Amino acid sequence: MTDEARKALGPILRVAGLSASIDGQQVVEQVDFEVPATGVTAVLGRNGVGKTSTLKAVLGLISRSGVVEFDGERIDSEPTHRIVQRGIGYVPEDREVFASLTVAENLRLAERGTTPHRDMVDELFPDLIARSAQRAGSLSGGQQQMLSLARVLMNDNRLLMVDEPTKGLAPRIVTEVAAALERAAAVTPVLLVEQNLPVVRRLAHTVVVIEGGRVIHAGPAAELLDDDERTQQLLGVHSTDHGAPKGDTDHGAPRGDTEHGASKGADESREETP
Amino acid sequence: MTMIRRLRTSPITPWATGGLLVALVAVLPLLDLSLPGVLPGSTYTPGTLQLLAFAMVFAALALSYHLLFGVAGLLSFGHALYFALGAYGLGIVLRDTELALVPAMAVVLMAAIAVAAALGALSLRVSGIAFAMVTLAFAQAGSVLVRRNASVTNGEEGLPLRVDNIPAELVGVLNTRNVYWLALVLLVVVFLIVAWFERSRAGHVVAATRENELRVRVLGMTPFRVKLITVVLAGGLAALVGMVYLLLQSGVTPAVTTPDFTLTLLVIVVLGGVGSRWGAVVGGLLYTLLDQRLTALARSEAIQDLPEFLRIPLSEPLFILGTLFILVVVLLPGGLAGVARRTLARADSARARAGRSLDEEATP
Amino acid sequence: MSTVLLLLITGLGLGALYFLVASGLSLIYGLMGVLNFAHGSFLTLGAFLGWEVARRMPDGSWLTFGVSILVGAVVGATVATLTELLLIRPLYLRHIEQVLVTVGLSLATVALFEGIWGVDPIYVVGPEWLNDTTDIAGALIPNDRFVLIAAAVIVLLGLVVFLKRTRYGLIIRAGVENRAMVTALGVDVRRAFTLVFAIGGAAAGIGGVLASHYFGYVSPLIGGSLLIFAFIVTVIGGLGSLTGAAIASVVVAVLQQFANFYLGGTGDFMVVALLAVVLLVKPTGLLGSKA
C-alpha cells in the first residue's frame, strides 16, 4: 500500500473532546487531534502540560471521557488490555520495565501474537540478548529503554505510542534509540512524545502542541521547527540551538545520569495508576 | 413553599432540627409511647431506656470512629482498644482506688490519650492497608492482655462495676433514666466535639490529607502531625464512651476488646455513609436496634419452626447484618447518607422543575 | 537442649500454618491491593468440610486424612474463586470497598458457621501416628508437626515453581510489581486475580484441615485467630513478598513458642513487639517494596 492509499483510509487514531483526570484533578481537557496512518506524529509541549496523561487516557490507564477512534472504531470504553490487543504498542515514560523480572521474562510477558519478531529484537538490540538472564532492574537506563522498545517492536502493531524515549540518556544512546524508532516508523505509524527537538526534527512529519491540557497548535513538523520565534513562543525553547540528535539531549543536568538513573524512575512507576 | 426551601438551605436549620430531636429524645423517659416491633416496651420502662441508651452509646462510639475513617481516611481495625481501655480502666480505678467518679474518669482519659499518642505515632509510620493491619495487631495484644490477666480484669467473666464511689443516682434499675440522660449528653457532647474538630484548621488539613497527601505536604504542613492529633482525639473520645458504657452496663466483658468489635463500628459507619456525621449517628442507632430485634426474632417461634436451611441463617443476627452490609457496599455507595442525599437532590430538582413551570405559566 | 529442639520444631509447625494462610494473603494483596478478611473463613470452611467428609470415612486411616486435606483444598479454592468473581471483581480498583466486602463476608460466614456447627469445638480424629511422638536427639516431637512442615514446604515449592515456570506465574510476578504496565502490554490481568484467589484459598483450606489436627478441634473461630497472626506475618515479611511471608512465618511462630515457654506466656506480646520494631526500623517489612 502506498502512502497516498493509506492516507485515503483516514487517520489511524482520532481523538475528539478527550478529557481525563487523576485523583479528581483534570489533567487533560477537551483535546482533539489526529494521527495519520503513516509516519511519526510528535506531541510537544512544556513539562507537565498533559502529554503523558493524553497517551494514558487513550489507553484507558487513567479515567477519561470523550471520543477515541482507532482505525475507525471507538475504543474509549474498552479496558486497556483490549485496546493494546487491537495493535497498539506502548512505550511508557520512565520505561517501566519489570525490575524483578529477567530481560527474557520481560520479553516473554510482552509477547502477544503467535509469531513474535524475535529476530528483529536480536538485530536491533544485540545487547539485550546477551543479557537475557539478567534482572531488568540491574540494567542501565539506556538498556532499560531498549528493553522497553523491544517489548513493543517484537509484536505486530498498527500504532506505536512512545513517551519520551530519549529522556535522561547519553547522546550516543539517544542516536541509537532514534535509529530504532526511525526503522519502526517505516512500517508502523508512531505517536511520539519527545522533548528533544533535534530528535523530533529527524523523525516527525506532524506535530501537535499541548498546553494546559489542550491542543494549541497542530501542523507539519518542519513548518513549526523552522519558525524559531513560533517554537520559542509555543514551547519555550529555541528550535535552532542544536543540529543533529547526536548533540546534547536538550534536557539539561537535572535529568539524571545515564547509567543507573533509571532506578529512580522505576520506583516512581510503581505507584498505582488509578 | 419558598419558606420551606429557604429553611432547607439555611445553615442554621440542621442545628435547629438537631436541637429539636435532642429535646424530644430527652423527654422520652417521661412519656408513655409504644413502638411495637421496634422497642421492647413503652418508652418509660427501664428495658427500653437501657436499649436506647445503649444505642446512643454506640452512636457516640461510631462518631469517634467516623473521625478516623470518615474524616482522616484512616482504616483502623484497632479502635476497640481505646473503648476497652476506657471501660476496663474506669472499672479497675473505681475498684482499686477510692477516687470519686469524675477524678477517676479524668485519670483514665489521660491514660487513654497517652496510649493513643504512643501507638498512633508508631502505627502512622505506615499507611493504607498496612496501617489497618498494625492497628489490628495492637488491638489484638490488648485483647490478649485482658483475657490473660484474670487477676486484674476478671478474665472471661468480665469486670463488674464497683458502685461504692459512684453517685447513687446512676446506680440501679430504677435510675436507668438517669443513665439514659447521661448517654444522651455523651452523644451530644461527642457530636459537638467532632463537628468542631471537622471545622477546625486541623480538621480541614486532615481531610485534605485523605484526598491528596502530597498536596498537603507541598503546602508546608505535616500530614503526620494532624493525623496523630486525629488518632488521639478519636482514641480519647472512644475511651470516654467506654466509661459511660461501663456505667450503663454495670460492667464490661472481653467481647468489647476483640477485633470483631471494631469491625462492628466499621459496619456502622459504612451503613450510615462514610464521611457523614449524621450517618454515623443514625447507623449506630439503627445497628443497635436491629441487632437487638434480630436477636429477639431469632428466638421467636416463627423462625424456630422454619426448615433448617432458612432457620439457621435467620437465627444468626450477625449473618443477616453482615449480608446487609455487603449489599450496602456493593449496591448503595454512600450508605444511608448517600441515599438521603440522592433523594433530597431528586426532590429538589423536581420542585425546581415544578417551580419553573409555574413561573412560566404566570408570565403571559 | 531437648526443650529447645521441641520448641523449635513446634514453632516451625505453627509457622507452617501461618505460612499456609499468609502466602495467599500476601499474593492477593501484592497483586490486587486487597486485604482479604474473608481468608480466615476460607480456612474455617475447609476445616469443617474436611471434617464432615472424614467422619463419614473410616476413623484414623491415612486415606481419610489425605481425602480430608484434598477436600479442604478444593473447598478453599472454590469459595475463594466465587468470592473473587461475585464480590471483588464488581468493585474493580475500589480497594476500600473490596476490603469492606471481605469484612462483611467474614462476619456473616462466621455467624453462619456458628449456626450450622455450633460454637463449641468439635474434636477431630486423625491417623494414630499423628498423636505419637518421634525421639529426635532426646526431644519427643509430636508427629503432626512434621506433617505441617512438610505440607507448607510442598505448598511453598509448588508456588515457587508455578510463579517461576508458568505464564500466569510470570503475569502475577509482574503484576505485583506494576499492575498497570501489565495491562498496557495487552494482558488481561483480571484472570490472574481469580487465580491468586483460588490458589490462596486452596492453601488456606489445606491449612484449615491441618490446623484442626494441630489444635485437635475445629471451631468457627479457628480461622479468625490464625488470620490475625497471618496479617502480622505479611506485614513483617513485606506485603506482596512470598519469600518474606515464609521467613516471617517461621520467625514469628518460633519467637512465639520460645517467649511462651521462657518468658511466662508472653508469646503474643513478643510478636506484636516484633511488629512494632520492624515498623520502626523498616516500615516496608523485611522484603517488601510497598508500605
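Coordinates for the structure precede this section.
Basis of the calculations
Residues numbered from 1 in each chain as written. Chains lettered and ligands numbered in written order. Predicted model: local features only at pLDDT ≥ 70, side-chain atom pairs only at ≥ 80, totals over all residues. Heavy atoms only, no water. Helix = DSSP H or I, 4+ residues; strand = E, 2+ residues; numbered from the N terminus. Rg over C-alpha atoms; globule rule 2.2 N^0.38 Å. Areas by Shrake-Rupley, 256 points an atom, 1.4 Å probe, with all protein chains shown as cover. Lys, Arg positive; Asp, Glu negative; His and termini not counted. Charge placed at Lys NZ, Arg CZ, Asp CG, Glu CD. Buried < 20%, exposed > 50% of the residue type's maximum accessible area, 1.4 Å probe, protein only. Pairing = 2+ DSSP bridges. Right-handed = clockwise from strand over helix to strand, strands pointing away. Contact = heavy atoms within 4.5 Å. Buried area = accessible area lost by both parts, 1.4 Å probe. Salt bridge = Lys/Arg side-chain N within 4 Å of Asp/Glu carboxyl O. Polar contact = N/O pair within 3.5 Å; in protein donor to acceptor, adjacent residues only side chain to side chain. Nonpolar A, V, L, I, M, F, W, Y, C, P; charged D, E, K, R; others polar. Expected span 1.5 Å × (residues − 1). Axes fitted to C-alpha atoms, helices over the stretch in contact; angles between N-to-C directions.

### A short note on the overall build of chain C
Along chain C, the regular secondary structure elements total 12 helices and 4 strands. Computed over the C-alpha atoms, the radius of gyration of chain C is 19 Å, within 12% of the 19 Å expected from 2.2 N^0.38 for a compact globule of 291 residues. Oriented by its inertia axes, the alpha-carbon framework of chain C measures out at about 60 × 45 × 35 Å. When the accessible surface of chain C is totalled, it reaches about 10,300 Å², and 70% of it is carbon and sulfur. Looking at chain C, you have 14 positive and 13 negative side-chain charges, and the mean spots of the two groups are 18 Å apart.

### Some remarks on the pairing of strand β8 (residues 190-193) of chain A
Residues and elements named next belong to chain A. Residue alternation in β8 divides its side chains into two sets, Val190 and Leu192 and Leu191 and Val193, and both sets are buried. Bridging between strand β3 (residues 40-44) and β8 involves 4 bridges; their strand directions are parallel. Looking across to β8, one finds that Val40 is bridged to Val190. Looking at chain direction, strand β7 (residues 159-163) and β8 are connected through 4 bridges and run parallel. By the bridge assignment for β8, Met161 is matched with Leu191. A crossover connection joins β7 to the parallel β8 through helix α8 (residues 171-187); in handedness this β-α-β unit is right-handed.

### Some thoughts on unusual backbone geometry
Glycine aside, a negative phi is what most residues show, and trans is what most peptide bonds show. Phi angles above zero are rare outside glycine, and Glu96 of chain A is one such case at about 50°. Looking at the secondary structure, you find Glu96 of chain A in the loop between β6 (88-91) and α4 (103-110).

### Looking at the interface of chain B and chain C
When the parts of a complex come together, some accessible area is lost, and that lost area is often used as the size of the interface. Residue-level contacts link 38 residues of chain B with 40 residues of chain C. Taken over both partners, the interface formed by chain B and chain C buries close to 3,400 Å², and the fraction arising from carbon and sulfur atoms is 84%. Among the residues chain B hides against chain C, the three largest losses belong to Arg125, Ile129 and Met133 of chain B. Together they make up 18% of the total. Inspection of the chain B/chain C interface yields 1 salt bridge. With a shortest N-O distance of 3.6 Å, Asp268 of chain C and Arg148 of chain B are connected by a salt bridge. Between chain B and chain C we count 1 residue pair in polar contact (both at pLDDT 80 or more) in total. Every element with two or more residues in the side of chain B that touches chain C is listed here: α6 (128-148), α12 (259-272), α15 (308-314) and α16 (317-331) of chain B. A total of 13 residues in the side of chain B that touches chain C trace back to one element, the largest contributor, which is α6 of chain B. Among the residues forming the side of chain B that touches chain C, the class breakdown is 30 nonpolar, 4 polar and 4 charged.

### Observations concerning helix α12 (residues 267-281) of chain C
Helix length check: α12 of chain C (15 residues) gives 21 Å between terminal C-alpha atoms against 21 Å at 1.5 Å per residue, within 8%. Buried residues of α12 of chain C: Gly267, Asp268, Val271, Val272, Leu275, Ala276, Val278 and Leu279 of chain C, and no others. Buried residues along α12 of chain C sit in contact with α5 (101-123) and α6 of chain B together with α10 (222-237) and α11 (242-262) of chain C.

### Things to note about the side chain of Glu52 of chain C
Residue and element names in this part refer to chain C. For Glu52, the position within the fold is in helix α2 (residues 39-54). Its relative accessible area of 14% is what places Glu52 among the buried residues. For Glu52, the side chain forms a polar contact with the side chain of Trp117, separated by 2.7 Å.

### What to know about the sheet that holds β3 of chain A
Residue and element names in this part refer to chain A. Read from one edge of the open sheet, 6 strands run β6-β7-β8-β3-β9-β10, paired in mixed fashion. Sheet topology places β6 and β10 (214-220) at the edges, where each strand pairs with a single neighbour. Strand after strand, the sheet turns through a mean of 15° between neighbouring axes, direction not considered. For β3 and strand β9 (residues 204-211), the ladder comprises 5 bridges, and the chain directions are parallel. The partner of Leu44 across the bridge, within β9, is Val209. Running at roughly 145° to β7, helix α2 (residues 51-59) makes contact with β3, β6, β7, β8 and β9 of the sheet.

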